[in-house]
Amino acid sequence: MAATDIAAAERVERLERLWAEPHGLWTFLTTVDHKKIGKRYLVTAFAFFVLAGAEALTMRTQLAQPGERLVGPKEFNQLFSMHGITMIFLFVTPMLSGFGNYFVPLMIGARDMAFPRMNALSYWIFLGAGFFMYSSFLFQLAPNDGWFNYVPLSDSVFTPERNIDFYNLGLLFLTISTTAGAVNFIVTILRMRAPGMSINRMPLFCWALLATSLSVIFALPALSAANIMLELQRKFGFHFFDVKKGGDPLLWQHLFWIFGHPDVYIIFLPAIGIVSTIIPTFSRRPVVAYTWVALATMSTGFIGFGVWVHHMFATGLPQVTMIFYSAASMLITIPSGVQVFAWTATVLTGRPVLRTPMLYVLGFIVVFVVGGVTGVMFAAIPFDQQVTDSYFVVAHFHYVLFGGAVFPIFAAIHYWFPKITGRMMSERLGVVGFWIFFVGFNLTFFPMHISGLLGMPRRVWTYEHGLGWDVYNLLSTIGAFTLALGILLVVVNVLLSLSGGPLAGPDPWGANTLEWATTSPPPDYNFPVVPTVRSANPNWDPADRLEDERRLREGSYVLDDGHETPATTVLDADVDRVLAMPSESPWPFALALALTIFFTLFLVAHFVFAAISSVLIFAALLGWHATEPQQS
Amino acid sequence: MVLAGCGSSQSTLAPHSGPAHDIDTLWWVMLVGSTIVFGVVTTLVLVGALRRRGERPPVQTDTPLARRLVLWGGALVPLVVLVALFAFVLRTLPSTSSAQASKGRLTIRVIGHQWFWEIRYPGAGVVTANELHIPIGVPVRIEARTADVIHSFWVPALNRKIDMIPGKDNEILLETDRAGTYRGQCAEFCGLEHALMAFFVVAQPPDRFRAWLTHEQLAASGGPKQGREVFMSSGCGGCHTIRGTGAIGRYAPDLTHVGSRSTLAAGTIPNTRAELRRWIRDPQHVKPGNKMPALGLTDEQIDALIDYLESLK
């Protein structure tokens, strides 16, 4: 063995020592490794997905035929409210955060997120807020006024119990997590890319998370403001939404949808980032029109802030207002159109390999186009006013959100499973699962277009025989159970493959992004040497990968003197400093715990104790900042 | 697809008025356009995915053809289509707009309650519930109001929906040339019994409408004495009104002519003796969560009460 090889082995060993975290409960609570946190996000979010699915199956059983009495309206209203809240806030967004956490640093050649402890905090708060909201079921007081929770129904006159306090406080609590996560993604993506990964070489998944995170920063304050106002009205007699005292119920709707529509893109953009990642891999070529796709992603996030009023076309707003928002709502389909055709052109000019992740992605394109064209229909004001709040809109947004986000999430599960676990999933089971999933999805949600056109309103716990809705509801129910079977097969596949799958090796798909340049699963320090990047497809540049090996032997860019990763400039990704990264810390967990205690006391209206408990929050923050690492 | 015709369908695809017809046309036009878009994209994806390519390596650069596909397919063609659609929407907009309501020659005020519809004919002093009579051929201005939370007034066969929001004076026009009964239902989630909050629009020739309205103006007189006493002594009048009696409650449907209505409990059950008995005996079973309590009446009392209520034609 040459001397340089021995030196390289020593360097790797030093990195192992520097980045290793001991096993055990203490490490479980204190880890800041983005990969462990990412996996936790994925597992926790998936658990919430299973809960939301159980809620959906209960509702579909109730609606299988007219006049069914499996559950009553009290239960049903909690079920549909929590189904929406769970899918949007506790499943899709955290699930995509999970993939982001795990893969953004790997894709950009970094050793962790920019703020590893804040990353841990985001997870613990997500977990705390999830438990907080789900604990409401123990008291049969789950939020029951829908995920958009319109006033005055949700004020203390019409919903006097604590259902809505769980909603307001739970979302406020969760928002801390989402916002911290977004800040972390923005800084990580802009400042921690490997040297040479200039912004025009950045993976499209990172573009998508950048657009999403910027949207989060600007959209969530509107939701938090609404939550705070409503909580003040419910608990302290304020009148923000109370007409009799000069308030306005439409204020809630504006605030909610100023958040709510961008949130559609917050859900959907990371998912199409996944699509833009998987399509080139399985088409064996770079994505067509990379620059346009990146720009389309950013502009979707931006225009997404100018369309919220189309959720309120039936509220009696002035026509001029509606026309403006109708035009904006039509305009936002252009960037999506560009992306759909960029993917299509990539498939057409490539040589597609139809493995399971690609099947989910192609399935995504097909169902997303259906959701897209019905989305355009909702920009057509009179048609919107006719079918909004009917099952047609339920069909539409499931095509956009389940089709647009859950399909890509399932593609991502199959695509990145080998990287996360080091093992392949069963392809045969994967393909069978996909087809059941695809058929089940369409059987569930396509008939809802028709029941909506036939006049069936959404959010009804029962309906009357003889309106022509029966057969479509029965089909939807059969579809829901088919879809559940497909999901079950995927879960079985994951569980079987965890220990029994064949070994994957570093790059089983022949992919173009950097996460595949390291071992599966990646070591604690991600890369033994900071990767060399000279194109938008760094893992398809064999010379650069050889360059990495040479650098390891030479000891340049190994950064084995400390717990370190390089920071680079925003546009050109030139190295401008080396960051000392923090190690395990108990404070994120402690802070999340203190916040959970605070919100719980606030929920039960022990305001004095809540105020006292805020001392714990400040104590945790003090402890955290007392151990700030030295910058080198 | 079942295109249920008239009767009491709630379908958006069975329009019985100008505005509903315009919306229906808009839908079919958009469906055709959407089907074409879907067909093109799906075909391209399938061709791309399934075409046999031999061993030729994939193209690594963006060919001009590929870029043109993205530019034309993704941006320029959609832009043209959207501009055309936008123009079509602007053309359809006037007939369905709220401003049309000012054309109304008859004003009816509909007030959403948890969970029924109060219907008032201000000129005539008539108050009824869950059954909205209108004359055909006459533009009717509906003032959509709420007594509590947000509801949404929606009769798909006659027009688009309009929300009933506290503090907002929303209006909509109803006009049809065809006599018939059209079903409507609350379209904005309004709490426990949002699902069981339907109503019917009964469109009648003007003379029959006038006759109906004149009859509705009459106060209740007499009726079976025993049943009336049950009604008055059981506290029903605390919530319900029967004009001409001591019952002047404002929280529940006006019952002055309840015997002439075809359904009960906001379209939940047909107005028959059997169903009315079931309703009075256990309203919470028929419509869980509604605000009417079970009164614990004896069978004789209930029979008498039914005799009385059914006499209120």
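The structure presented is a predicted model; accordingly, all values stated were derived computationally and were not measured.

What counts and how
Residues numbered from 1 in each chain as written. Chains lettered and ligands numbered in written order. Predicted model: local features only at pLDDT ≥ 70, side-chain atom pairs only at ≥ 80, totals over all residues. Helix = DSSP H or I, 4+ residues; strand = E, 2+ residues; numbered from the N terminus. Rg over C-alpha atoms; globule rule 2.2 N^0.38 Å. Buried ≥ 20, exposed ≤ 12 C-beta atoms within 10 Å, placed from the backbone. Contact = placed C-beta atoms within 7 Å. Pairing = 2+ DSSP bridges. Axes fitted to C-alpha atoms, helices over the stretch in contact; angles between N-to-C directions. Core = buried A, V, L, I, M, F, W, Y, C linked by C-beta atoms within 7 Å. Parallel < 35°, antiparallel > 145°, perpendicular 65-115°, else oblique. Left-handed = near helix turned anticlockwise from the far one by under 90°. Nonpolar A, V, L, I, M, F, W, Y, C, P; charged D, E, K, R; others polar.

Caption draft 1: A look at the overall build of chain B. When its secondary structure is counted, chain B shows seven helices and twelve strands. What you see for chain B is a C-alpha radius of gyration of 26 Å, clearly larger than the 20 Å of a compact globule of 313 residues, by over 25%. Each of the three principal axes of chain B carries a C-alpha extent, and together these read 95 × 40 × 35 Å. Buried positions account for 47% of the 313 residues belonging to chain B. Taking the contacts inside chain B whose residues are at least 6 apart along the sequence as the reference set, 65% of them involve residues at least 24 apart.

Caption draft 2: Region of interest: the sheet that holds strand S4 (residues 131–135) of chain B. Residues and elements named next belong to chain B. The sheet built from three strands is open, its strands ordered S4-S10-S9 with mixed pairing. Two strands bound the open sheet, and with one partner strand each, they are S4 and strand S9 (180–185). Going from strand to strand, the sheet's axes swing by 25° on average, the running direction of each strand aside. In the sheet, S9 pairs with strand S10 (residues 198–204) via six bridges, with the strands oriented antiparallel. What sits directly across from Gln185, in S10, is Ala198. Sheet strands touched by helix H3 (residues 206–217): S4 and S10. Its angle to S4, the strand with the most contacts, is close to 135°.

Caption draft 3: Just the interface of chain B and chain A, in detail. Counting residues at the interface gives 73 residues for chain B and 71 residues for chain A. Breaking the side of chain B that touches chain A down by element, the ones donating at least two residues are helix H1 (18–50), helix H2 (64–96) and strand S7 (162–164) of chain B. For the side of chain B that touches chain A, the leading source of residues is H2 of chain B, giving 16 residues.

Caption draft 4: The arrangement of the nonpolar core in detail. Within the largest apolar cluster, 295 residues are counted, with the highest numbers of intra-cluster contacts made by Cys206, Ala342, Val361, Ile365 and Ala411 of chain A together with Val70 of chain B. Not counting residues up to four positions away in its chain, the partners in contact with Ala342 of chain A are Val287, Val288, Ala289, Trp292 and Val293 of chain A together with Val70 and Gly74 of chain B.

Caption draft 5: Summary view of the pairing of strand S3 (residues 126–129) of chain B. All names here are of chain B. Residues of S3 alternate between two faces, with Val126 and Thr128 on one and Val127 and Ala129 on the opposite face, all of them buried. Taken together, the four bridges between strand S2 (residues 116–121) and S3 define a ladder with antiparallel strand orientation. Within S3, the position partnered with Glu118 by the bridge is Ala129.

Caption draft 6: Up close: the sheet that holds strand S8 (residues 170–174) of chain B. Residue and element names in this part refer to chain B. Strand order in the open sheet formed by five strands is S3-S2-S1-S5-S8, with mixed pairing between adjacent strands. Because the sheet does not close on itself, it has two edges, and the strands there are S3 and S8. Across this sheet, the average inter-strand angle for adjacent strands is 25°, counted without regard to direction.

Caption draft 7: Structural context of the packing of helix H4 (residues 73–107) of chain A against helix H7 (residues 204–236) of chain A. Residues and elements named next belong to chain A. H7 packs onto H4 with a crossing angle of 125° between their chain directions and a minimal axis gap of 10 Å. By the angle class used here, H4 and H7 are oblique. Seen along the crossing, H4 lies across H7 with a hand that is left-handed. Contacts between H4 and H7 involve Gly100, Phe103, Val104 and Met107 on the former and, on the latter, Phe205, Cys206 and Leu209.

Caption draft 8: Main features of the packing of helix H6 (residues 163–191) of chain A against H7 of chain A. Residue and element names in this part refer to chain A. H7 packs onto H6 with a crossing angle of 155° between their chain directions and a minimal axis gap of 8 Å. Put simply, H6 runs roughly antiparallel to H7. Taken as a pair, H6 and H7 cross one another with a handedness that is left-handed. A breakdown of the residues in the contact of H6 with H7 according to their chemical character gives 18 nonpolar, seven polar and three charged.

Caption draft 9: Here's a closer look at the environment of Leu514 of chain A. Residue and element names in this part refer to chain A. Here Leu514 lies in the loop between helix H16 (470–500) and helix H17 (542–554). Given 27 C-beta atoms within a 10 Å radius, Leu514 is considered buried. Taking the C-alpha atoms as reference points, Leu514 and Pro105, separated by 409 residues in sequence, lie 9.4 Å from one another. Other than its neighbours up to four places away in sequence, Leu514 contacts Leu106, Met107, Gly109, Pro531, Pro538 and Asn539.

Caption draft 10: Broad picture of the environment of Thr93 of chain A. Residue and element names in this part refer to chain A. Mapped onto the elements of the fold, Thr93 is located in helix H4. Between the C-alpha atom of Thr93 and that of Val533, which follows or precedes it by 440 residues, the distance is 30 Å. With residues up to four places along the chain from it excluded, the contact list for Thr93 reads Ile88, Thr178, Ile266 and Ile267.

Caption draft 11: Local environment of unusual backbone geometry. Residue Val151 of chain A is joined to Pro152 of chain A through a cis peptide bond whose omega torsion reads 0°. For Pro152 of chain A, the position within the fold is in the loop between helix H5 (116–134) and H6. The omega torsion across Ser520 of chain A and Pro521 of chain A is -10°, close enough to zero to call that bond cis. With respect to the secondary-structure elements, Pro521 of chain A resides in the loop between H16 and H17. Not every positive phi belongs to a glycine, and Asn526 of chain A is a case in point at roughly 65°. With respect to the element layout, Asn526 of chain A can be found in the loop between H16 and H17. Here the phi dihedral of Ala265 of chain B falls at roughly 55°; this positive angle occurs in a residue that is not glycine. Here Ala265 of chain B is to be found in the loop between strand S11 (263–264) and strand S12 (269–270). Take Ala265 of chain B: there are 24 C-beta atoms within 10 Å of it, and that puts it in the buried class.

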